[in-house]
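Tertiary structure, described
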Amino acid sequence: MTAEEVVTAPRRQSRRGASFRDAGPPVALIVIFGIFAALSPQFRSIDNVQNIVDAAAVLAVVTCGITFVLMMGSIDLSAAGVMGASALTVSLLVANNRNDNDFGLLGILVAVLLGCAFGCLSGLALVLLKVPSFMATLGVSAIGLGVATLMFAGVQPNISDAMLESWAIERFLGFAYLTWIAAACILVGWLIQRYTRLGRYAYAIGGAEEVLTLSGVRVKPYKIAVFTLAGAFYGLGGVMVTSQLGAGLVQAGDGYDFSAITAAVVGGTLLTGGRGGILHSAVGVLLVMVLTNGLVQVGVSPYWQGGVEGLIVVAAVAAAVIPQRRRNQVVK
Amino acid sequence: MSTPVAVRPATEPATVKSGPRPVERLTGFMPLIALVALVAALTIADPDFLTQRSLTAAARTAAPLIVLAAGATLVVLCGGIDLSIAALASLSTVLLALWLPDLGGLATPVVIVVAAAIGAVQGTAHVLLRIPSFIVTLGGLSILSAVALVVSGAGTVRVVDDSPVKWLDLYVAGYVPMSFAVAVIVVALIAVVLKVTPLQSWISATGYSESAARLAGTPVDLVKIGAFCVSGACAGLAAVMLVSRQFSGGPTMADNLLLPAVAAIVVGGTAITGGHGSVWRSLAGALVVTLLRVGLPIVGVPSAYEQILYGAIIVVAVALTLDRSRVSIIK
C-alpha cells in the first residue's frame, strides 16, 4: 500500500483516506482530556494544563528526533544514552561547581554537536556495518551512558549558569522558556520534514527503499543524516533536562527513549515507516502527557506510568498492523 | 563445543560455494578464541587470577547471565529478540521474595512457571497481533518494570528465611558453585532437547526463512511462542539465583543484565538475523562477558568503560555475525 502511494498515487487520492486516519489521535486527545476533566476538578485547572504542556517540552524535542528515524522505518533506542552524555557535557561546560568553565551558549552548542556525533555513529553502524538499527542504537546508547559515567566521575556537577537555569524557571506568555524551545523544535522539524530533501527522502525511504534505490537515489548518506539530525534533538533534550534539574546526571534521559517511541506511535507514525510526521508526534506527546498526568490526578500510582506506556505502544502498533495483516506474512 | 555450524541448508555440498568464508570460519570460533585470549591476558596481568578462589567467584557471577542468555538465544534463533528478560528477572526476584514466606520451597517452581507464562503471553502477542518482537518485548519491559515497582512498593524486599533457595549457594565437589552447575545443566538440557526432538530443525527453519518454514508445515507460531516461554522461564531461574545470592528482591535488581545478556548472545556468534547459532555459543559468550566484567578492574580500567565496551561489542559482534545474504534492506 505504502509503496504505491509514494510512487504513483497522486496526492489528492491518498489524502482522503489519510485525513480520516489522521483525525484519530487528535480526537482521542480531546476525548481523553474531556474524560479526565470530568473526573478530576484539579485536572481541568489552568495551572495543571500549563503543567502538562511544560512537562511535555523535553519529550516533544526527543520525539521530534525519533520521528524522523521512525519515518524511515528504522528505530532508535539511543536517546537515553545520548541525552545522558550531552547532559554531562553541557553541565561541565557552562558555569558549574566542578571546574572553571563558563562557555554559556557555546557549551550548549557543543552538547548538541555531541548528540549529532552519537547519532552519526548509529547511522554509520547501520549503513556501513549493516547492523540493524535497534541493535546499533542499543549499543550506541550503552556507549553514551559509559561516556556520561566517565564525565560524571563520582561528583555531581551542579550548574550555576544563569541563562541555562532561567530556561526552566522564567515564563513567557504563561509557559516556561523550555516549552517555547520545544515549540520552536517542532516548527523546525516540520519545516525540515516538509520542505527539505532530507525530510522528503526520509518518508520515501520508509515507504519504499528499494524503489528509491532503483531510481538512482543514493540512500545511505540520507540515512546517516537522519540519525545525525535525531542525535541533535536528543542532545538538545539532554541540555533541557539539565536545565530542569540544575545538575548533570547520567540518568538524565532515563525512560525518554521509550516514551518518545510511545508518543510517536500513538500520534500515528507507523513503525514500518513511510507515514506520520512531526505534527502527528506532537499530538502523540500531548496524548501521552495528558494520560500520565490524568492518571496521577485520578489517583493511580505514578509507578504505573511505564506500564501504561507499554500497553499503549503494543495496542497502537497492533491496531496499525490490522489493515495489513494479510500482507505481512513474516514478522520478526 | 559441539554444533559449530548447526544446520546449514542441506544444499551446501551441491552448490559450488567455496565453503564457509574466512570471516564465517573466524566467527565460528570467535567465542572460544576470545575466552582463551581473555583468560591468558588476565593471567598475565594478574597471576593471582588463575586461582581457585577467583575462578569460583567468576563462575558464581556468570551463572544468572548464562541462564538469561541461554533462554533469550532461542528467541534470537527464531529471528526475533527478547528485550524484556532483565525486567522479567527483576520482577521475578520481587515475586520470589514476596512469596518465599508463604510458599516456602514451592515458591521457586511457582516463580519460574509464572515467568514462563509471562514469556508465553509476550510470544502470543507477537504471533497473534503480528507486532515485531522487539516492540512487544520493549512494551513488556516497560509493563513488567511498572508491575515490579508497584508490587514491591519501589523498595527492596528482604528475604528473612532464605533456606528454600540456600541450596544454590552450595558448592558441588567443594569447588564448583551450585548455581554455575545448574546454569550449565540448563544449557545442556536445552541443547539436548533441541537435538533429540525435531525442535532444532523447526527453530532453524523458522529463523532462516520463516515463510519457507510455514509452507513446509513447520508449526512456526507454536515454535515462536515456545521460544518466548523458555526465555521467560530462564529469566525466572536467573531471578532465583540472584535472590539466593543477594538475600533480597528488588524491582530493578536485574535490569543491568540486559546489555550483558544481549552482548553474550551476539559475542557467542548467534546471528541476530536468526537460524544460525546455539545455546552453547551463548554459554561461551556469557563467560567472555563475565570475564570482561571481572577483568577490567584487574587490568586497572575504570568500570565506567564497561558500558562503552558492551556497546562496542554488541555493534561489532552483530556486524561480524550478520547473515547479509538474506537481508537486502536493513532497517
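The rules behind the values
- Residues numbered from 1 in each chain as written.
- Chains lettered and ligands numbered in written order.
- Predicted model: local features only at pLDDT ≥ 70, side-chain atom pairs only at ≥ 80, totals over all residues.
- UniProt positions renumbered as here; feature names shortened; annotations may be inferred.
- Helix = DSSP H or I, 4+ residues; strand = E, 2+ residues; numbered from the N terminus.
- Buried ≥ 20, exposed ≤ 12 C-beta atoms within 10 Å, placed from the backbone.
- Contact = placed C-beta atoms within 7 Å.
- Rg over C-alpha atoms; globule rule 2.2 N^0.38 Å.
- pLDDT = per-residue confidence, 0-100.
- Nonpolar A, V, L, I, M, F, W, Y, C, P; charged D, E, K, R; others polar.
- Core = buried A, V, L, I, M, F, W, Y, C linked by C-beta atoms within 7 Å.
- Expected span 1.5 Å × (residues − 1).
- Axes fitted to C-alpha atoms, helices over the stretch in contact; angles between N-to-C directions.
- Parallel < 35°, antiparallel > 145°, perpendicular 65-115°, else oblique.
- Left-handed = near helix turned anticlockwise from the far one by under 90°.

Chain B is annotated in an unreviewed UniProt entry as ABC transporter permease of Actinoplanes aureus. In UniProt, chain B has this text filed under Subcellular location (unreviewed entry): "Cell membrane".

Per an unreviewed UniProt entry, chain A goes by ABC transporter permease and derives from Actinoplanes aureus. Recorded in UniProt for chain A, the comment headed Subcellular location (unreviewed entry) runs: "Cell membrane".

1. Focus on the overall build of chain B
The secondary structure content of chain B amounts to 12 helices and 4 strands. Burial statistics for chain B: of 331 residues in total, 54% are counted as buried. Considering only intrachain contacts with a sequence separation of at least 6, the fraction spanning at least 24 residues in chain B is 79%.

2. Overview of the overall build of chain A
When you go through chain A residue by residue, the secondary structure sums to 13 helices and 2 strands. The C-alpha radius of gyration computed for chain A amounts to 20 Å, which stays within 12% of the reference 20 Å derived for 332 residues, consistent with globular compactness. With respect to the three principal axes, the spread of C-alpha positions in chain A is 60 × 50 × 35 Å. Taking the intrachain contacts of chain A between residues at least 6 apart in sequence as the baseline, contacts between residues at least 24 apart amount to 79%.

3. Thoughts on the confidence of the model for chain A
Overall, the predicted model of chain A reaches an average pLDDT of 86, with 91% of residues at or above 70. Counting interchain partners and residues more than four positions distant, the pLDDT-below-50 stretch residues 1–14 of chain A has 18 contacts.

4. Some points on the interface of chain B and chain A
Across the boundary between the two partners, chain B contributes 43 residues, which contact 46 residues of chain A. Those elements giving two or more residues to the side of chain B that touches chain A turn out to be helix H4 (107–129), helix H5 (133–152), helix H8 (210–215), helix H10 (258–267) and helix H12 (305–321) of chain B. With 14 residues, the top contributor of residues to the side of chain B that touches chain A is H5 of chain B. Looking at the side of chain B that touches chain A residue by residue, the class counts come to 29 nonpolar, 10 polar and 4 charged.

5. Remarks on the nonpolar core
Residue and element names in this part refer to chain B. If you look at the biggest cluster of nonpolar residues, it comprises 225 residues, and the most contacted ones within it are Leu-68 and Ala-261. Counting residues per element, this core draws most heavily on helix H9 (residues 220–246), at 17 residues. In this structure Leu-68 touches Ile-85, Ala-89, Cys-234, Ala-235, Ala-238, Leu-257 and Ala-261, once residues within four positions along its chain are discounted.

6. Remarks on unusual backbone geometry
The phi angle at Lys-130 of chain A is positive, at roughly 60°, despite the residue not being glycine. Despite not being glycine, Ala-154 of chain B has its phi angle at roughly 60°, a positive value. Mapped onto the fold, Ala-154 of chain B is located in the loop between H5 and strand S1 (157–158).

7. Focus on H9 of chain B
Along an α-helix, residues three or four positions apart point the same way, because every turn accommodates 3.6 residues. Residue and element names in this part refer to chain B. The first and last C-alpha atoms of H9 sit 39 Å apart over 27 residues, in line with the 39 Å expected at 1.5 Å per residue. Most of H9 sits out of view: 23 of its 27 residues are buried. Of the residues one or two after H9, Phe-247 is the one with positive phi, at around 60°.

8. Quick look at the environment of Ala-57 of chain B
Residues and elements named next belong to chain B. In this structure, Ala-57 sits in helix H2 (residues 52–77). For Ala-57, a count of 13 C-beta atoms within 10 Å gives the class partly exposed. Distance from Ala-57 to Gln-122, taken between C-alpha atoms, is 34 Å for residues 65 residues apart in sequence.

9. Quick notes on the packing of helix H4 (residues 79–93) of chain A against helix H10 (residues 219–245) of chain A
Residues and elements named next belong to chain A. In contact at an axis separation of 7 Å, H4 and H10 are set at 55° when each is read in the N-to-C sense. Taken together, the axes of H4 and H10 lie oblique to each other. In terms of crossing hand, the pair formed by H4 and H10 is right-handed. Where H4 approaches H10, its residues Ala-79, Val-82, Met-83, Gly-84, Ser-86, Ala-87, Val-90 and Ser-91 are matched on the opposing element by Gly-231, Tyr-234, Gly-235, Gly-237, Gly-238, Val-239, Val-241 and Thr-242. Considering only residue class, the contact of H4 with H10 consists of 8 nonpolar, 8 polar and no charged.

10. With respect to the confidence of the model for chain B
Residue and element names in this part refer to chain B. Scored by pLDDT, chain B has a mean of 85; 89% of the residues are at 70 or more. Low confidence marks residues 1–18, where pLDDT is under 50. Its contacts with residues over four positions away, or in another chain, come to 15 contacts. Under the prediction, the complex receives an ipTM of 0.83, its pTM being 0.86.

11. Here we look at the packing of helix H11 (residues 256–267) of chain A against helix H12 (residues 278–298) of chain A
Residue and element names in this part refer to chain A. Axis separation between H11 and H12 bottoms out at 7 Å; the angle between their running directions is 115°. The interaxial crossing formed by H11 with H12 has right-handed handedness. Touching Ser-259, Thr-262, Ala-263, Ala-264, Val-266 and Gly-267 of H11 are His-280, Ser-281, Val-283, Gly-284, Val-285, Leu-287 and Val-288, all from H12. When grouped by side-chain class, the residues that make up the contact of H11 with H12 number 7 nonpolar, 6 polar and no charged.

12. Side note on the environment of Ala-58 of chain B
Residue and element names in this part refer to chain B. Here Ala-58 lies in helix H2. Counting along the chain gives 137 residues from Ala-58 to Lys-195, while the straight-line C-alpha distance between them is 29 Å. Contact partners of Ala-58, with chain neighbours within four places excluded, come to Thr-290, Leu-291 and Val-294.

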